[in-house]
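What follows is the residue order along each chain.
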Amino acid sequence: MVDIEQPKKPKTTAAGVPAVLSSFKFGFREMGPARTGKVFLKMNQDGGFDCPSCAWPDPDHKRKHAAEFCENGAKAVAWEATRKRVPRAFFAENSVEQIDAISEFDLGKLGRITEPMLLRAGATHYEPVGWDEAFQVVARHLKALPDPNDAVFYTSGRTSNEAAFLYQLFVRAYGTNNLPDCSNMCHESSGTALTRVIGSGKGAVTLEMLEESELIVVVGQNPGTNAPRMLSHLEIAKRNGGEIVSVNPLPEPGLMNFKNPQKARGWVGKGTELADQHLQIRIGGDQALFLAIGHLLLQAEADNPGTVLDKAFVEDYTSGFELYAKHNAELDWEAVELATGLQRAEIEELTQRFLKSKATVICWAMGLTQHREAVATISEIVNVLLLQGNIGKPGAGPCPVRGHSNVQGDRSMGIWEKVPDAFLDRLDNEFAFTSPRAHGIDAADTVKRLRDGSVRVFFAMGGNFASATPDTEVVHRGLRECDLTVHVSTKLNRSHTVTGREALILPTLGRTDHDHTAKGPQSVTVEDSQGAVHLSTGNLTPPAPELKSEIGIVAGIAQAVGQIPWADFADDYSLIRQRIGRVADGYENFEDRLRANEGGFLLAHAARDQRVFKTSDAKAQFSANDLSWLPTAPGKLLLQTLRSHDQFNTTIYGLEDRYRGIHGGREVIFVNPEDLAELGLNDGAYVDIVSEFQGVERRASGFRLVSYPTARGCVAAYYPETNVLMSADDLAKGSNTPVAKGLTVRLEPVAS
Ligand SMILES: Nc1nc2c(c(=O)[nH]1)N[C@H]1C(S)=C(S)[C@@H](COP(=O)(O)OP(=O)(O)OC[C@H]3O[C@@H](n4cnc5c(=O)[nH]c(N)nc54)[C@H](O)[C@@H]3O)O[C@H]1N2
Ligand SMILES: Nc1nc2c(c(=O)[nH]1)N[C@H]1C(S)=C(S)[C@@H](COP(=O)(O)OP(=O)(O)OC[C@H]3O[C@@H](n4cnc5c(=O)[nH]c(N)nc54)[C@H](O)[C@@H]3O)O[C@H]1N2
Ligand SMILES: [Mo]
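Reading guide: rules and limits
- Residues numbered from 1 in each chain as written.
- Chains lettered and ligands numbered in written order.
- Predicted model: local features only at pLDDT ≥ 70, side-chain atom pairs only at ≥ 80, totals over all residues.
- Heavy atoms only, no water.
- Domains from an automatic or database assignment.
- Contact = heavy atoms within 4.5 Å.
- Buried area = accessible area lost by both parts, 1.4 Å probe.
- Phe/Tyr/Trp six-rings, centres within 6.5 Å; stacked < 30°, edge-to-face > 60°.
- Helix = DSSP H or I, 4+ residues; strand = E, 2+ residues; numbered from the N terminus.
- Buried < 20%, exposed > 50% of the residue type's maximum accessible area, 1.4 Å probe, protein only.
- Lys NZ or Arg CZ within 6 Å of the ring centre and 35° of its normal.
- Pairing = 2+ DSSP bridges.
- Axes fitted to C-alpha atoms, helices over the stretch in contact; angles between N-to-C directions.
- Near = heavy atom within 4 Å.
- Polar contact = N/O pair within 3.5 Å; in protein donor to acceptor, adjacent residues only side chain to side chain.
- Areas by Shrake-Rupley, 256 points an atom, 1.4 Å probe, with all protein chains shown as cover.
- Nonpolar A, V, L, I, M, F, W, Y, C, P; charged D, E, K, R; others polar.
- Core = buried A, V, L, I, M, F, W, Y, C linked by side-chain atoms within 4.5 Å.
- 1 Å grid on protein atoms, 1.4 Å probe; cavity = no way out; pocket = protein on both sides within 12 Å on 5 of 7 lines; lining within 4 Å.
- Points joined across faces, edges and corners; volume = space filled by probe spheres on them.

Student: Account for the domain arrangement of the protein, naming residues and giving values.
Tutor: How large an interface is tends to be reported as the accessible area lost when its parts come together. Parsing the protein into structural domains produces domain 1 (85-186 + 408-604), domain 2 (189-401) and domain 3 (637-749). Relative to domain 3, the C-alpha centre of domain 1 lies at a distance of 31 Å. Tallying the contact residues gives 19 residues for domain 1 and 19 residues for domain 3. Regarding the contact of domain 1 and domain 3, the summed buried area is about 1600 Å², with carbon and sulfur atoms giving 53% of it.

Put into structure tokens, the structure is as follows:
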């Protein structure tokens, strides 16, 4: 058990001077001053590289600041652009077992991997191996499988469009749709709900639209940490007269008060009070909240007909209104108050804001998507937007804020276990082969297949599957039973130490690295959260001259497996873009448009641009969803697993969570002081967290209690340390996303 310092008072302000200082401190530590300057100046600039941290869009030319970066983007870049290297000697001196004993935090600090490493069957140590031999190892295993579906090909969301396109092409030419990705654990619920009700899974709000909004409701999201550049745009909306509301069990400081590090007033002034109202909702109470708002809006319309609903929009563009209105005519206020933990007056106040606003945006992230009823909850949010015609007009719309920097682009490129047949038809046509039509498995199904021991080859294009997934022990056991595990990575992580009988680590260039092939310097492209596509060009000398790009690696393996002639693609990425332009939806004439638009353009979005809804009945669909929420028995609490300010998913930058006052450790659990008192527990004491799902208990040991102003009955602890508490069978309905928020737990004091 680590002794964790006495927590400081949580911060009420985000960003400002401390954020800038923290960026540079981290930058100097990893990169030294000269490289730090070079890197920070090129981030998110024209001709520079796309920040590998979150998927928040870059402003266009007219709105760009001199330094368009944030503290956490700077950390992500410094982490990748570090001067540290993992030398050959490290693998010779340390067995895989010894490396496995190193914490995720310390693994990440070792530095960049520079050459392919192979763990041979029966060996205890990784050894260096040439690229050709590495490719042959993968090919040998894949060719030996009786069924291509015995292999699984995971993708994390940093992979560029070009690499993702080539990768899925290789996998499908090999014969499977087993392409799970991090999205399955992330915004899958948003995609599922939005595709069903508005006909596109992507967000329907651009930066410009957000800045014009009169009301922005930020639900289940912590932008101050996880999309910090979003705060600048919320600030602009606010200065334009818009209102901002936060719906969150935690008072996240970024939403409460923001000091813009790009502006002088952010250095000296008081900062901007962003949120006009904070609803401290109980975990899993959001569906009830939006059901209630819809109910109150309908009531207001009944009281003053013609003043609330956008009747023309509802009649012309939507279906299901009657059913929804009937379903929502009666509301059980007692259930709503229990579910949300909110007072009716608070919900009425928020409804007043909806009534006043002529253009409303609702933003959300993991606080909504990682719930059992996430799909119904997001559909409920769309119901409320549809009532007032808040879609496909300036300042309005649903805005799921994506996680990984290119997670959305990867999907556009076909990284999807159930990509529509139309995509596969175009792919087959373009490359003259027949791709499989049977759906592949997603991340949750992969965990189940690992549990059954029926995955033979596990291949990962980035990410850290061993740590990011639920049911950690089950996943680790399953990975160890594979014949081969392969990870294309920039740095070491847990997935490299939990290996199959044979294992490969294939080091790759990152976003910041200069990529030079036989045909000269290459750029890649990414698609951000709001559907803008642009070029990204690394400018740093790569960690080792022989490092390959993800594209080079895919092409090398594909050639060894023996399909389509790949070598040209590896040298000239514009050839890949020409192919993408004929296969991926929305990317028509890709290369030409990129050239004609200074390296970037916005993808069309039918619902956003034209109010065209590509749903089953060509209408935006109201839906009637039964109220669901998460009641708890006495002594039980609802746990959400979330990110600290000092991590990127499973990558731990440091042991601080400055905004929440945590220093020197991560094994903490945030509990409301009244709950602590009721449970007879004291701040500073240590507990085991025990989760209960379908009669099975799981335990995470030795967490320090932190008295914290979270909603009553709701506790929070960091991911991935708490993934041992999640069950592979506890999944969101309809989207199959592992439930990472709203686990039922109890706290057991640890004898000191
Ligand atoms: N620096 C940094 N940036 C990142 C990441 C990172 O790890 N570090 N990760 C990236 C990725 S992949 C993603 S998906 C995003 C994640 O971005 P977020 O979704 O902001 O990430 P979480 O830390 O999971 O925060 C969940 C938020 O939802 C709230 N919440 C939890 N349960 C509920 C609920 O039931 N209702 C409501 N209303 N709120 C709830 C929590 O209090 C918390 O504020 O960030 C991306 N950006
Ligand atoms: N309990 C709990 N579990 C969760 C979540 C949660 O909120 N709670 N969130 C879920 C979410 S939203 C997500 S997105 C997933 C994240 O799951 P993943 O995407 O699998 O995990 P990451 O930690 O982002 O992956 C980090 C690793 O990617 C590699 N990497 C970094 N850059 C590059 C690159 O440019 N190329 C390549 N090839 N590799 C690179 C590095 O080796 C690094 O160690 O976790 C999910 N799991
Ligand atoms: Mo994510």
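Student: Could you give me a rundown of the packing of aromatic side chains, with the residues and numbers involved?
Tutor: Under the criterion given, the structure shown has 22 aromatic pairs. For the ring pair F91 and Y126, a centre distance of 5.9 Å and an interplane angle of 75° mean the geometry is edge-to-face. Remark: Y126 occurs in the loop between β4 (117-119) and β5 (127-128) and F91 occurs in helix α3 (residues 88-93); sequence separation between them is 35 residues. Of the two residues, F91 and Y126, both sit in the buried class. With a centroid separation of 6.1 Å and an interplanar angle of 70°, the aromatic rings of F153 and Y174 are classed as edge-to-face. Placement of F153 in strand β6 (residues 151-155) and of Y174 in helix α7 (residues 161-174) is noted, with a sequence separation of 21 residues between them. Taken as a pair, F153 and Y174 share a single burial class, namely buried. Through a chain of ring-to-ring contacts, the aromatic side chains of F153, Y167, F170, Y174 and F459 assemble into a single cluster. Between R158 and the ring centre of F648, over which it is positioned, the NZ or CZ distance is 5.1 Å. Directly above the ring of Y317 sits R611, whose terminal nitrogen or CZ lies 5.5 Å from the centroid.

Student: Which residues make up the sheet that holds strand β31 (residues 741-749), and what values go with them?
Tutor: In spatial order, the strands read β24-β30-β27-β29-β28-β31; together these 6 strands close into a barrel with mixed pairing. The mean angle between the axes of side-by-side strands here comes to 45°, regardless of whether they run parallel or antiparallel. Looking at chain direction, strand β24 (residues 637-642) and strand β30 (residues 714-718) are connected through 5 bridges and run parallel. Paired with L642 across the strands is Y718, a residue of β30.

Student: Run through the site of ligand 2, naming residues and quoting values.
Tutor: Y154, S156, N493, E550 and T650 are the nearest of the 32 residues found near ligand 2. A distance of 2.7 Å is found between a nitrogen atom of ligand 2 and a side-chain nitrogen or oxygen belonging to E550. R643 is positioned with one of its side-chain polar atoms (N or O) 3.1 Å from a nitrogen atom of ligand 2. Considered on its own, ligand 2 offers 930 Å² of accessible surface; in the complex 97% of this is hidden by protein. When residues of the shell around ligand 2 are assigned to domains, at least three map to each of domain 1 (85-186 + 408-604) and domain 3 (637-749).

Student: How would you summarise the site of ligand 1 if you had to cite specific residues and measurements?
Tutor: The immediate surroundings of ligand 1 are formed by 31 residues, with N248, E252, D286, Q647 and N649 found nearest. Measuring from an oxygen atom of ligand 1, one finds a side-chain N or O atom of Q640 at 3.0 Å. With respect to ligand 1, the backbone of N649 contributes an N or O atom lying 2.7 Å from an oxygen atom. Relative to its unbound accessible surface of 920 Å², ligand 1 loses 99% to contact with the protein. Residue assignment for the shell around ligand 1 shows that the elements contributing at least two residues are α10 (223-226), α19 (366-369), β24 and β25 (647-648). Across the shell around ligand 1, the residue classes tally to 12 nonpolar, 15 polar and 4 charged. Composition of the shell around ligand 1 by domain shows at least three residues from each of domain 2 (189-401) and domain 3 (637-749).

Student: Now, about the nonpolar core: what can you tell me, with residues and values included?
Tutor: If you look at the biggest cluster of nonpolar residues, it comprises 62 residues, and the most contacted ones within it are L142, F153 and F170. Looking at which element gives the most residues to this core, the answer is α7, with 9 residues. Counting 50 residues, the second-largest nonpolar core is a separate cluster that includes L309, F313, L368 and A607.

Student: Hey, could you go over unusual backbone geometry for me, with residue numbers and the actual values?
Tutor: Cis geometry marks the peptide bond from Y719 to P720, where omega comes out at 5°. With respect to the helices and strands, the residue P720 is situated in the loop between β30 and β31. Even without being glycine, N649 reaches a positive phi, approximately 50°. If you check the backbone angles, N736 has positive phi at about 65° while not being a glycine.

Student: For the layout of surface pockets, give the residues involved together with the corresponding values.
Tutor: Gaps left between atoms show up when a probe the size of a water molecule is rolled over them. By volume, the largest pocket is sized at about 1100 Å³. Along its surface, the largest pocket is lined by 41 residues, and G199, S200, G201, K202 and D585 are the ones closest to its centre. For the lining of the largest pocket, a count of residues per class yields 12 nonpolar, 17 polar and 12 charged. Of the residues that make up the lining of the largest pocket, three or more belong to each of domain 1 (85-186 + 408-604) and domain 2 (189-401).

Student: Describe the pairing of strand β20 (residues 524-527), naming the residues involved and giving the relevant values.
Tutor: Side chains V524 and V526 of β20 all project onto a buried face; the interleaved residues T525 and E527 project onto the opposite face, where all are buried too. Of the pairings in the sheet, the one linking β20 to strand β21 (residues 532-536) comprises 4 bridges and is antiparallel in character. From the neighbouring strand, T525 faces β21, where its bridge partner is L535. Counting the residues in the hairpin turn of β20 and β21 gives 4 residues, including G531, whose phi is positive at 85°.

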